[in-house]
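Here is how the chains run, residue by residue.
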Amino acid sequence: MLRHIMFAGALALTAGPGWADSHGHDHGASERTASPEGAEVYFITPTDGDTVSNPVTFRFGARGIGVAPAGANWPDTGHHHMLINIDPADVDLNEPFPFDDQNLHFGGGQTEVTLDLPAGTHTFVLIMADDFHVPHDPPLISEVITVTVE
Ligand SMILES: [Cu+2]
(Lines give C-alpha, C1' and ligand atoms only; values in the text may rest on other atoms or scores of the structure.)
Protein backbone atom coordinates (compact mmCIF):
# COMPACT_ATOMS: atom_id res chain seq x y z
CA MET A 1 0.00 0.00 0.00
CA LEU A 2 1.22 3.42 -0.86
CA ARG A 3 0.45 4.79 2.56
CA HIS A 4 3.45 2.86 3.81
CA ILE A 5 5.85 4.45 1.40
CA MET A 6 8.51 6.66 2.82
CA PHE A 7 8.56 9.59 0.46
CA ALA A 8 11.87 10.96 1.55
CA GLY A 9 11.96 14.53 0.44
CA ALA A 10 8.46 14.58 -0.93
CA LEU A 11 6.96 15.04 2.51
CA ALA A 12 9.06 18.10 3.04
CA LEU A 13 7.73 19.49 -0.22
CA THR A 14 4.10 19.09 0.69
CA ALA A 15 4.13 19.69 4.41
CA GLY A 16 3.79 23.07 6.03
CA PRO A 17 0.99 25.39 6.98
CA GLY A 18 1.51 27.67 3.99
CA TRP A 19 -0.01 25.19 1.60
CA ALA A 20 -3.44 25.38 3.10
CA ASP A 21 -3.78 28.96 1.92
CA SER A 22 -3.67 27.86 -1.68
CA HIS A 23 -6.86 25.84 -1.38
CA GLY A 24 -9.23 28.62 -0.50
CA HIS A 25 -10.13 29.60 -4.04
CA ASP A 26 -13.05 28.26 -5.94
CA HIS A 27 -11.97 27.30 -9.42
CA GLY A 28 -14.54 27.03 -12.13
CA ALA A 29 -13.67 25.64 -15.51
CA SER A 30 -13.52 29.13 -16.96
CA GLU A 31 -10.69 30.07 -14.63
CA ARG A 32 -8.19 27.50 -15.80
CA THR A 33 -4.94 28.95 -17.02
CA ALA A 34 -4.32 28.53 -20.73
CA SER A 35 -1.30 26.45 -21.60
CA PRO A 36 1.10 27.80 -24.22
CA GLU A 37 0.54 26.22 -27.61
CA GLY A 38 2.80 23.24 -28.17
CA ALA A 39 3.92 22.99 -24.54
CA GLU A 40 4.58 19.56 -23.10
CA VAL A 41 5.90 17.79 -20.02
CA TYR A 42 7.78 14.52 -19.99
CA PHE A 43 9.95 12.23 -17.92
CA ILE A 44 13.66 12.47 -18.59
CA THR A 45 14.28 9.49 -16.29
CA PRO A 46 13.17 6.84 -15.70
CA THR A 47 11.56 5.77 -18.95
CA ASP A 48 8.61 3.52 -19.64
CA GLY A 49 9.38 -0.12 -18.91
CA ASP A 50 12.47 0.52 -16.79
CA THR A 51 13.38 -1.66 -13.85
CA VAL A 52 15.01 0.35 -11.06
CA SER A 53 16.27 0.03 -7.51
CA ASN A 54 15.69 2.34 -4.56
CA PRO A 55 16.22 5.16 -4.18
CA VAL A 56 14.64 6.14 -7.49
CA THR A 57 15.35 9.54 -8.98
CA PHE A 58 12.72 11.03 -11.28
CA ARG A 59 13.70 13.92 -13.53
CA PHE A 60 11.00 16.07 -15.10
CA GLY A 61 11.22 17.88 -18.40
CA ALA A 62 9.12 20.77 -19.66
CA ARG A 63 9.13 22.23 -23.14
CA GLY A 64 7.38 25.42 -24.18
CA ILE A 65 6.39 26.32 -20.62
CA GLY A 66 8.44 27.61 -17.70
CA VAL A 67 8.65 26.12 -14.22
CA ALA A 68 7.73 28.46 -11.37
CA PRO A 69 7.01 28.06 -7.67
CA ALA A 70 3.42 27.47 -6.62
CA GLY A 71 1.70 30.76 -5.96
CA ALA A 72 3.75 32.64 -8.53
CA ASN A 73 1.34 34.03 -11.09
CA TRP A 74 3.84 34.37 -13.92
CA PRO A 75 2.79 34.05 -17.56
CA ASP A 76 3.32 30.69 -19.26
CA THR A 77 4.56 28.86 -16.18
CA GLY A 78 3.45 26.11 -13.85
CA HIS A 79 4.81 23.55 -11.44
CA HIS A 80 5.17 19.82 -11.80
CA HIS A 81 2.93 17.20 -10.19
CA MET A 82 3.70 13.52 -10.25
CA LEU A 83 0.80 11.11 -9.80
CA ILE A 84 1.57 7.60 -8.63
CA ASN A 85 -0.71 4.74 -9.65
CA ILE A 86 -3.41 7.15 -10.77
CA ASP A 87 -4.94 7.03 -14.24
CA PRO A 88 -4.87 10.59 -15.59
CA ALA A 89 -8.29 9.92 -17.09
CA ASP A 90 -9.62 9.84 -13.51
CA VAL A 91 -8.28 13.29 -12.64
CA ASP A 92 -10.78 16.14 -12.33
CA LEU A 93 -8.93 18.77 -14.34
CA ASN A 94 -11.06 21.58 -12.92
CA GLU A 95 -9.97 21.02 -9.34
CA PRO A 96 -6.66 21.55 -7.55
CA PHE A 97 -4.64 18.41 -7.05
CA PRO A 98 -5.01 16.92 -3.59
CA PHE A 99 -1.92 16.73 -1.41
CA ASP A 100 -1.27 13.10 -0.55
CA ASP A 101 1.12 10.23 -1.13
CA GLN A 102 -0.16 9.66 -4.65
CA ASN A 103 -0.28 13.31 -5.70
CA LEU A 104 3.13 14.87 -5.28
CA HIS A 105 3.45 18.63 -5.77
CA PHE A 106 6.70 20.28 -6.68
CA GLY A 107 5.64 23.73 -5.61
CA GLY A 108 9.17 24.93 -5.09
CA GLY A 109 9.74 24.66 -8.80
CA GLN A 110 11.68 21.40 -8.45
CA THR A 111 12.39 19.39 -11.57
CA GLU A 112 13.40 16.16 -9.88
CA VAL A 113 12.71 14.02 -6.82
CA THR A 114 14.30 10.98 -5.24
CA LEU A 115 11.91 8.49 -3.61
CA ASP A 116 12.01 5.19 -1.81
CA LEU A 117 9.21 3.14 -3.32
CA PRO A 118 7.72 -0.23 -2.45
CA ALA A 119 8.87 -3.10 -4.61
CA GLY A 120 6.54 -3.81 -7.47
CA THR A 121 5.26 -2.28 -10.66
CA HIS A 122 3.88 1.25 -10.52
CA THR A 123 2.70 3.89 -12.95
CA PHE A 124 3.77 7.50 -12.92
CA VAL A 125 2.50 10.50 -14.81
CA LEU A 126 3.42 14.17 -14.76
CA ILE A 127 0.79 16.88 -14.96
CA MET A 128 1.69 20.54 -14.89
CA ALA A 129 -0.58 22.88 -12.96
CA ASP A 130 -0.90 26.59 -12.39
CA ASP A 131 -0.23 28.68 -9.32
CA PHE A 132 -3.42 27.31 -7.71
CA HIS A 133 -2.50 23.66 -8.41
CA VAL A 134 -5.13 23.41 -11.15
CA PRO A 135 -4.13 21.86 -14.50
CA HIS A 136 -3.82 24.13 -17.50
CA ASP A 137 -6.26 24.20 -20.39
CA PRO A 138 -5.56 22.20 -22.44
CA PRO A 139 -3.83 20.11 -19.76
CA LEU A 140 -0.14 19.28 -19.96
CA ILE A 141 0.05 15.56 -19.24
CA SER A 142 3.09 13.39 -19.84
CA GLU A 143 3.19 9.86 -21.12
CA VAL A 144 2.22 7.42 -18.38
CA ILE A 145 5.32 5.39 -17.55
CA THR A 146 5.29 1.96 -15.95
CA VAL A 147 8.33 1.28 -13.79
CA THR A 148 9.23 -1.82 -11.82
CA VAL A 149 10.99 -1.30 -8.51
CA GLU A 150 13.12 -4.24 -7.43
CU1 LIG B 1 0.68 21.91 -6.87
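Residues numbered from 1 in each chain as written. Predicted model: local features only at pLDDT ≥ 70, side-chain atom pairs only at ≥ 80, totals over all residues.

Visitor: How should the overall build of the protein be read in this particular structure?
Guide: Secondary structure assignment for the protein yields 1 helix and 9 strands. When the 150 residues of the protein are sorted by exposure, 25% land in the buried category. Intrachain contacts of the protein at a sequence separation of at least 6 include 74% that bridge at least 24 residues. (Helix = DSSP H or I, 4+ residues; strand = E, 2+ residues; numbered from the N terminus. Buried ≥ 20, exposed ≤ 12 C-beta atoms within 10 Å, placed from the backbone. Contact = placed C-beta atoms within 7 Å.)

Visitor: Explain unusual backbone geometry to me, please; I cannot follow it from the model alone.
Guide: Residues other than glycine predominantly adopt negative phi, and peptide bonds predominantly adopt the trans conformation. A cis amide bond links Asn-54 to the next residue, Pro-55, at an omega of -10 degrees. With respect to the secondary-structure elements, Pro-55 resides in the loop between β2 (51-52) and β3 (56-63). For the peptide bond that leads from Asp-137 to Pro-138, omega is -5 degrees, which places it in the cis range. Here Pro-138 is to be found in the loop between β8 (120-129) and β9 (145-149). One non-glycine residue, Asp-76, adopts positive backbone phi at about 55 degrees. Looking at where Asp-76 falls in the secondary structure, it is placed in the loop between β4 (66-67) and β5 (77-84).

Visitor: Hey, could you run me through the nonpolar core in this one?
Guide: In summary, soluble globular proteins display a tendency toward joint burial of nonpolar side chains. Counting residues in hydrophobic clusters, the biggest one holds 22 residues, and the most contacted among them are Leu-126 and Ile-127. Where this core is concerned, the elements lending two or more residues are β1 (40-45), β3, β5, β7 (112-115) and β8. It is β8 that contributes the most residues to this core, 6 residues altogether. With residues up to four places along the chain from it excluded, the contact list for Leu-126 reads Val-41, Phe-43, Phe-60, His-80, His-81, Met-82 and Ser-142. (Core = buried A, V, L, I, M, F, W, Y, C linked by C-beta atoms within 7 Å.)

Visitor: Any chance you could explain the environment of Ser-53 here in plain terms?
Guide: Summarising the element assignment, Ser-53 is placed in the loop between β2 and β3. The exposure class of Ser-53 is exposed, given the 9 C-beta atoms found within 10 Å. Spatially, the C-alpha atoms of Ser-53 and Ala-119 are 8.5 Å apart, while their sequence positions differ by 66 residues.

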